[in-house]
Amino acid sequence: MTKTQKFISVLLLVALYAVIFVLEQTLAPSEMLFTVLKKGAIYALVAVSMNLLNGFTGLFSLGQAGFMLIGAYVYGIFTIPIDARASVYQYFDGGVIQFTVPLVVALIMAGTAAALIAALIGLPVLRLKSDYLAIATLGFAEIMRAILQWDKLGPVTNGSNLLRKFPTFNDFNIVTGGKTIYMSTLVPFIIVGVCIFVIVLVINSSYGRVFRAIRDDERAAEAMGVSLFAHKELSFVISSFFAGVGGALLAMYQMTVQASAFKAAMTYEILLIVVIGGLGSVTGSCIGSFLFIAASEWWLRGLDSGSFLGISAPMLFRAGFRKVVFAVIIMAIVLFYRKGLMGANEFSIQGIANFFKKLFTPRKRSAK
Amino acid sequence: MSGSVLNIKNLTMRFGGVTAVDNLPLEVRRGEIVALIGPNGAGKTTVFNCVTGVYEATDGSVSFLGKPIAKGTTPDKITKLGIARTFQNIRLFSTMTVFENVLVAKHMRMRQNIFSAAFRIRKEEQRVRDEALALLEEQGLLHLKDEAASNLPYGLQRHLEIARALATDPELILLDEPAAGMNPQETSELAEFIQQIRGKYKLTVLIIEHHMDLVMQISDRIYVLDFGKLIATGTPAEIQENQRVIDAYLGVADDA
């Protein structure tokens, strides 16, 4: 990337954040747009972290929901205000943990906890290949879900009851003398932006190069002096760290956390985003995430509630129909856009310029 | 100059009931080009895989630069010791560029950790980039540096694979059929190239090859394997005269 391109990219990002800030001050906080932006940003982070593992390192792992769950719980457990604990942990005498940590520390703890557990289960699991790795990590996520609902751990995890009353996105709004400065979308965007930036730095480093080498040809990578296990483990730990942070953000977004919600279906949604965006494309995962969330939460809502695109057909458009349409769209994408929206390419100014140049250059009659 | 670089003693590799390599002795001395030849299935590549740690030998020992390589040493550690290899069927990182292929080989010698690498705290990245560019220039591949490896024509892919192996700073390079699929013209260029890199990078070379012209032209010594057993060893002239080798592998002049 040249200096000017870098400059334009930074400028565009700043503009994006500025637009979000302005939108938040002008539109009603209940707008569907903000739901999509918040949830989209969180899913973008988790999708990028999954892409690091599945797309860049070639490890087909399905443990993402498990690591998000760990992150969400660690965040919740350590940020519930002390005076609220008695009511949250009502069946467990207020729980055993009687202190809180600052929000940023809790986010880092959420990531670190997920990363530590990833390092542990990576020891046996990363020796497996492809499908077997997928099955093992999927199993891990299910086990995590069961453990966190276990009654015996109740004093820490609140058993199968909700965790709530911890700081949420709305706590980012600043109230000054009757006026509110809305930051509940901007702050998560900034956190996600920083996290994705770090992942991109890793991908662009020597380690990222080695991850891709492992994906392309394990044996050749090994013959180049690359320790397969150490680098797979590293990729797994980094990916899980950010999945953990993503889980913590999801907890903030949802305002409550319950282990039973972190089902395998959540991992599939993220996998879907990664595939739609393109395996091996960070920007693809981001774009895919917002498209996916917008479609499932917003644009296709009408399919469930009677009228869609001005067509009123309550007999057809009723609860559940949205999922049918969604499934068809996904099948179409997988059939016709097998490499996803972006393939392994990144979204760039140069890319768009080239696309339009090609579009407007008159095609030559004969080849060459 | 004549120190032993690779010293293999009684190497035996069994897969179930099949003995792929049977009690093989093999020595490569500093600066030599040694060829390992024999009919298909004679166990030549198995020898390479035992030396590079892909297989753990059933029996026998391998010493490199006078020190025995411990059993169970993984391939990456063996590469780090200074043994590089190429593969019979080309194994490049196909989605990555020529430049990146060479850079991967430099990774293990970078003084860094994940943090210093991601945030570019030390100048390691710049150092290896410069080294890799210098290597590509020496190899005449510099103009292709941003090309995807899979887009290169076959001959250049072979060349890149050797360049990538050189990037690991080896003492010993193992070439597994580097001339496979090459025409006579390319093969004779390759012969020259191998002799050239031996001098330039002070390499010792162990090569598996079926092109007898190339083998006879560049080898200092030759080992001949048949059904995993060593049937002859000697200079090219001696091997060409050896009746057992002619029977098992070379055949008479006009049926080749």
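Residues numbered from 1 in each chain as written. Chains lettered and ligands numbered in written order. Predicted model: local features only at pLDDT ≥ 70, side-chain atom pairs only at ≥ 80, totals over all residues. Heavy atoms only, no water.

Re the sheet that holds strand E6 (residues 83–85) of chain B
Strands pair in a sheet through their backbones, by hydrogen bonds, and they do so in one of two ways: parallel or antiparallel.
All names here are of chain B.
Link 1 in the chain: Spatially, E6-E7-E8-E3-E9-E10 is the arrangement adopted by the six strands of the open sheet, whose pairing is mixed. If you trace the sheet from one side to the other, it starts and ends with E6 and strand E10 (229–234), each paired once. This sheet shows a mean twist of 20° between the axes of neighbouring strands, independent of strand direction.
Link 2 in the chain: In this structure, strand E3 (residues 33–37) lies alongside strand E8 (residues 204–208), joined through four bridges in parallel fashion. The residue bridging Val34 from the neighbouring strand is Leu206, located in E8.
Link 3 in the chain: Packed on one face of the sheet, helix H6 (residues 154–166) meets E6 and strand E7 (172–176) and runs near 155° to E7. (Pairing = 2+ DSSP bridges. Helix = DSSP H or I, 4+ residues; strand = E, 2+ residues; numbered from the N terminus. Axes fitted to C-alpha atoms, helices over the stretch in contact; angles between N-to-C directions. Contact = heavy atoms within 4.5 Å.)

Quick look at the sheet that holds strand E5 (residues 67–68) of chain B
All names here are of chain B.
Link 1 in the chain: Sheet architecture is open: four strands sit in the order E2-E1-E4-E5, paired in antiparallel fashion. Here the strands that pair on one side only, and so sit at the sheet edges, are strand E2 (18–29) and E5.
Link 2 in the chain: As judged from the two bridges shared by strand E4 (residues 59–64) and E5, these two strands associate in the antiparallel manner. Bridging across to E5, Phe64 finds its partner in Lys67.

Here we look at the domain arrangement of chain B
Residues and elements named next belong to chain B.
Link 1 in the chain: When the domains of chain B are assigned, the result is domain 1 (1–82 + 170–256) and domain 2 (93–167).
Link 2 in the chain: At the interface, 17 residues of domain 1 touch 12 residues of domain 2.
Link 3 in the chain: The junction of domain 1 with domain 2 conceals about 1,200 Å² of combined surface from both sides, 65% of it contributed by carbon and sulfur atoms.
Link 4 in the chain: It is Lys80, Phe193 and Tyr201 that lose the most area in domain 1 upon contact with domain 2, and together they represent 38% of the buried surface on that side.
Link 5 in the chain: At the junction of domain 1 with domain 2, the criterion picks out four residue pairs in polar contact (both at pLDDT 80 or more). (Domains from an automatic or database assignment. Buried area = accessible area lost by both parts, 1.4 Å probe. Polar contact = N/O pair within 3.5 Å; in protein donor to acceptor, adjacent residues only side chain to side chain.)

Focus on the environment of Ala132 of chain B
All names here are of chain B.
Link 1 in the chain: Residue position: Ala132 is located in helix H5 (residues 124–138).
Link 2 in the chain: Classification of Ala132 as buried rests on a relative accessible area of 0%.
Link 3 in the chain: As a C-alpha pair, Ala132 and Val245 span 113 residues in sequence and 42 Å in three-dimensional space.
Link 4 in the chain: Not counting the four nearest positions on each side in its chain, Ala132 is found in contact with Phe99, Val102, Leu103 and Lys106. (Buried < 20%, exposed > 50% of the residue type's maximum accessible area, 1.4 Å probe, protein only.)

Looking at H5 of chain B
Link 1 in the chain: With 15 residues, H5 of chain B ought to run about 21 Å at 1.5 Å a step, and its terminal C-alpha atoms sit 21 Å apart, in line with that.
Link 2 in the chain: Within H5 of chain B, burial applies to Glu124, Glu125, Val128, Ala132, Leu135 and Leu136 of chain B. What you see down the axis of H5 of chain B is that its buried residues fit within an arc of 100°, all on one side.
Link 3 in the chain: Here the buried face of H5 of chain B lies against helix H9 (206–216) of chain A together with helix H3 (98–106) and H6 of chain B.
Link 4 in the chain: Looking one or two residues beyond H5 of chain B, the residue adopting positive phi is Gly140 of chain B, at roughly 70°. (Expected span 1.5 Å × (residues − 1). Arc of directions from axis to C-beta.)

Considerations on the nonpolar core
Link 1 in the chain: Within the largest apolar cluster, 103 residues are counted, with the highest numbers of intra-cluster contacts made by Leu45, Phe67, Tyr75, Leu163 and Leu249 of chain A.
Link 2 in the chain: Per-element tally for this core: the top contributor is helix H2 (residues 32–56) of chain A, with 15 residues.
Link 3 in the chain: Every residue in contact with Leu249 of chain A, bar those within four places of it in the chain, is listed here: Ile42, Leu45, Leu107, Phe169, Ile191 and Val192 of chain A.
Link 4 in the chain: One finds Val210 of chain A together with Ile33, Met212 and Leu214 of chain B within the second-largest nonpolar core, a separate group that totals 62 residues. (Core = buried A, V, L, I, M, F, W, Y, C linked by side-chain atoms within 4.5 Å.)

A closer look at the pattern of salt bridges
Residue and element names in this part refer to chain B.
Link 1 in the chain: Counted according to the given criterion, the structure contains 22 salt bridges over all chains.
Link 2 in the chain: Ionic pairing is found between Glu124 and Arg127, a salt bridge with its closest N-O pair at 2.9 Å. Of this pair, Glu124 and Arg127 both sit in helix H5, three residues apart, roughly one helical turn.
Link 3 in the chain: Among the ionic contacts, a cluster of salt bridges with common partners joins Lys106, Arg111, Glu124, Arg127 and Glu131. (Salt bridge = Lys/Arg side-chain N within 4 Å of Asp/Glu carboxyl O.)

A closer look at the side chain of Lys232 of chain A
Link 1 in the chain: Relative to the assigned elements, Lys232 of chain A resides in helix H11 (residues 228–254).
Link 2 in the chain: Not counting residues within four places of it along the chain, the set of residues in contact with Lys232 of chain A comprises Leu59, Leu126, Ile214 and Glu218 of chain A.

Looking at unusual backbone geometry
Link 1 in the chain: With a phi angle near 70°, Asn158 of chain A is a residue other than glycine that sits in the positive phi range.
Link 2 in the chain: Along the polypeptide, Asn158 of chain A turns up in the loop between helix H7 (154–157) and strand E1 (163–164).
Link 3 in the chain: Phi at Leu65 of chain B takes a positive value of approximately 55°, unusual for a residue other than glycine.
Link 4 in the chain: Within the secondary structure, Leu65 of chain B is located in the loop between E4 and E5.

Examining the side chain of Gln139 of chain B
Link 1 in the chain: On the secondary structure map, Gln139 of chain B appears in the loop between H5 and H6.
Link 2 in the chain: In this structure Gln139 of chain B touches His159, Ala163, Leu166, Phe193, Ile197 and Tyr201 of chain B, once residues within four positions along its chain are discounted.

Focus: the interface of chain A and chain B
Link 1 in the chain: On the chain B side, the residues contacting the 26 residues of chain A number 32 residues.
Link 2 in the chain: Of all residues in chain A, Arg209, Arg219 and Met224 of chain A bury the most surface against chain B, accounting for 29% of the area lost on that side.
Link 3 in the chain: For the interface between chain A and chain B, the tally reads three salt bridges.
Link 4 in the chain: A salt bridge links Glu100 of chain B to Arg212 of chain A; the nearest nitrogen and oxygen atoms lie 2.9 Å apart.
Link 5 in the chain: Counting across the interface, chain A meets chain B through 11 residue pairs in polar contact (both at pLDDT 80 or more).
Link 6 in the chain: Those elements giving two or more residues to the side of chain A that touches chain B turn out to be helix H8 (186–204), H9, helix H10 (218–223) and H11 of chain A.
Link 7 in the chain: For the side of chain A that touches chain B, the leading source of residues is H9 of chain A, giving eight residues.
Link 8 in the chain: Tallied by class, residues from the side of chain A that touches chain B come to 13 nonpolar, six polar and seven charged. (Nonpolar A, V, L, I, M, F, W, Y, C, P; charged D, E, K, R; others polar.)

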